[in-house]
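The chain contents come next:
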Amino acid sequence: MSDAFEISNKALQASLTELTSILINLFNACVTHKYHSKQFKKAQTIVLCKSKKSNYINLKTYWFIALLDIMSKTLKSIMIKRLSDIAETHHMLLNAQMRVRRKQSVILALNLLVNQVHAVWSCKIKYVVFMLSLDITETFDHVLHTRLLHTLKMKRTLNYIVKWTRSFLKDRESSLTFDEQISAMQWVNADISQKFLISLILFLFFNASLIKKCKALEIKIEVLDFINDINILIYDKITESICKSLSRAHNVCAKWVQTHDATFASKKYKLTHFTRKSKRFNMTVNLHIENLIIKLKLNVQVLEVQLNMKLRWDSHLRQIEADHIIKMLMLSWLEIFIWKTTFAKARQIYSAMIRLKMTFEASIWHQRNKEKRLLNTKWRLKTFQNQALRHVINVFKKVNIEMLKVEIYTFSLHVHLNKLQN
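Basis of the calculations
- The residue numbers shown here count from 1 along each chain, following its written sequence.
- Two thresholds apply to this predicted model, a pLDDT of at least 70 for residue-level local features and 80 or more for giving and counting side-chain atom pairs, whereas whole-chain, interface and lining totals are computed over all residues.
- With hydrogens and water stripped out, all remaining heavy atoms of the structure feed into the side-chain values.
- Only DSSP runs of H or I reaching four residues or more are called helices, and only runs of E reaching two or more are called strands; each is numbered from the N terminus.
- Summary of the burial criterion: residues with accessible area below 20% of their type's maximum are buried, those above 50% are exposed, and those between are partly exposed, where the area comes from a 1.4 Å probe applied to protein chains only.
- Note on definitions: a residue-residue contact is assigned when non-hydrogen atoms from the two residues lie within 4.5 Å.
- For two strands to count as paired, DSSP must find a minimum of two bridges between them.
- Lines fitted to C-alpha atoms define the axes here, with helix axes fitted over just the stretch in contact, and angles between the N-to-C directions of these axes take values from 0 to 180 degrees.
- Small angles under 35 degrees read as roughly parallel and large ones over 145 as roughly antiparallel, with 65 to 115 read as roughly perpendicular and the rest as oblique.
- Gly is placed with the polar residues, together with every amino acid not listed as nonpolar (Ala, Val, Leu, Ile, Met, Phe, Trp, Tyr, Cys and Pro) or charged (Asp, Glu, Lys and Arg).
- To count toward a patch, a residue needs a relative accessible area over 30% and no salt bridge; like charges are then connected within 9 Å, while nonpolar side chains (Val, Leu, Ile, Met, Phe, Trp, Tyr) are connected within 5 Å.
- Residue burial considers only the protein chains on display, and all accessible areas are found by Shrake-Rupley using a 1.4 Å probe.
- A pair is scored as a salt bridge if a Lys or Arg side-chain nitrogen falls within 4 Å of a carboxyl oxygen belonging to Asp or Glu.
- Positive residues here are Lys and Arg, negative ones are Asp and Glu, while His and the chain termini are left out of the count.
- By convention, the charge on Lys lies at NZ, on Arg at CZ, on Asp at CG and on Glu at CD.
- What a helix is expected to span follows from its residue count: subtract one and scale by 1.5 Å.
- Bend angle per residue: angle between axes fitted to the 7 residues ending at that residue and the 7 residues starting there.

*Asks:* Explanation requested: the side chain of T45 in the structure shown.
*Replies:* Tracing the chain through its elements places T45 in strand β1 (residues 42–49). Taking the relative accessible area as the measure of exposure, T45 reaches 12% and is therefore buried. Those residues in contact with T45 that lie beyond four places of it in its chain are F64, I65, A66, S174, S175, L176 and T177.

Given below as structure tokens:
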């Protein structure tokens, strides 16, 4: 194991004043010589067993946590900033490509998806929208390096970034730590991992050509790219025509993966539809792709949000309710057995975990507050908040909830939703 892993972040922060000029010269040299140091390519991978598994023969029953050199992370953040600035300034990426981009958040991506569906519904001609979700997670860690570098060159990316990326991708090493045993350093050929921001933005360059080819089809199509999740939206008056168009779009994707040494995870294909007039359309159709038959689903999860065919939020609310019960049990467990949590810590956990999850993507449905159904949704979320607040301050149920919010300096849920809206 490298000695660099023995240096704590606190030690580096304490000596930052003395190290600043040295690090600036070091990172400038790496950029000037288009070189990513071998020391920065070393990692220590911690292997942890997942709980409640019947056996541990399969690798998927383990967590793999990579500990990286802090200097490597700093240099990566510099290159992310430069690559991102170049991509946005020269419009190298498509508007449909979301996440890890400036002003292209998950909230914006989901808002775009919902608004596109509502725009189709508002047309004079009554359309139904189908969405096919494709996943390429299985090959995410094994992007073809030569193809990625070729793509960066074709995008006319600055030469020093292309050469630094080539150096960054090759000759990586890692040790494994399991059951208090540490292995020797071993060569690994996988660093385009969705764990790191530099890898995410590089992957956007890698699959930009796929999005462009899909959008070039002469059909009513929209494509949203959430890194490794490709969502193809097609709308028409006849569901059979939509299935034919989706099959054409999938053929384009199939040709792309052949030339880019990638494969889609066919088990994770999802097909759903969006309409509030389901009786007008034939909803018994299935999508036939190669040897697969993909059946329509009433609910689909997109970026951790449950969407149903009518874009109502009942299914998402049920997911929030299930998560809320688990979070409350975790909070009780932490209070009793581990931290003996103080009020300040319990309130922090509520704000950072419970309320954050409860109001995740609430700005999508909160802006449509004219719908009567949402009054029930907000009432149920308010009930969850009241339960959590009483638990945080450990008071009886009969205590007035409004007084309780004032006492612990917490906004009501309606005010918090309005803040998220703005």
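*Asks:* Is there a simple way to explain the sheet that holds strand β9 (residues 270–274) in this structure?
*Replies:* On the basis of which strands lie adjacent, the open sheet formed by five strands has the order β7-β8-β3-β9-β12 and mixed pairing. On the outer flanks of this sheet lie β7 (221–226) and β12 (296–297), each paired with one strand and no other. The sheet contact formed by strand β3 (residues 128–135) and β9 spans five bridges and is antiparallel. Within β9, the residue paired with F130 across the bridge is H273. Across the sheet, helix α7 (residues 197–215) lies against β7 and β8 (229–236), angled at about 170° from β7, the strand it touches most.

*Asks:* For this particular structure, what's the right way to read the packing of helix α5 (residues 145–154) against α7?
*Replies:* Geometry of a packed helix pair, given as the angle between the helix axes and the separation of the axes. Axis separation between α5 and α7 bottoms out at 9 Å; the angle between their running directions is 80°. By the angle class used here, α5 and α7 are roughly perpendicular. Together, R147, L148, T151 and L152 of α5 and L202, F205 and F206 of α7 make up the contact between the two elements. Broken down by class, the residue content of the contact of α5 with α7 amounts to five nonpolar, one polar and one charged.

*Asks:* What is the right way to read a positive patch on the surface from this model?
*Replies:* Judged by side-chain charge, K153, K163, R166 and K170 come together as a positively charged surface patch. Relative to the helices and strands, K170 resides in the loop between α6 (159–169) and β4 (172–178). A relative accessible area of 45% means that K170 is categorised as partly exposed.

*Asks:* What exactly am I supposed to notice about α7 here?
*Replies:* One turn of the α-helix equals 3.6 residues, which is why residues spaced by three or four share an orientation. The terminal C-alpha atoms of α7 lie 26 Å apart, and with 19 residues this matches the ideal 27 Å at 1.5 Å per residue to within 8%. The largest bend in α7 comes to about 45°, at N207. Of all the 19 residues making up α7, 14 are buried; the element is thus mostly covered by neighbouring parts of the structure.

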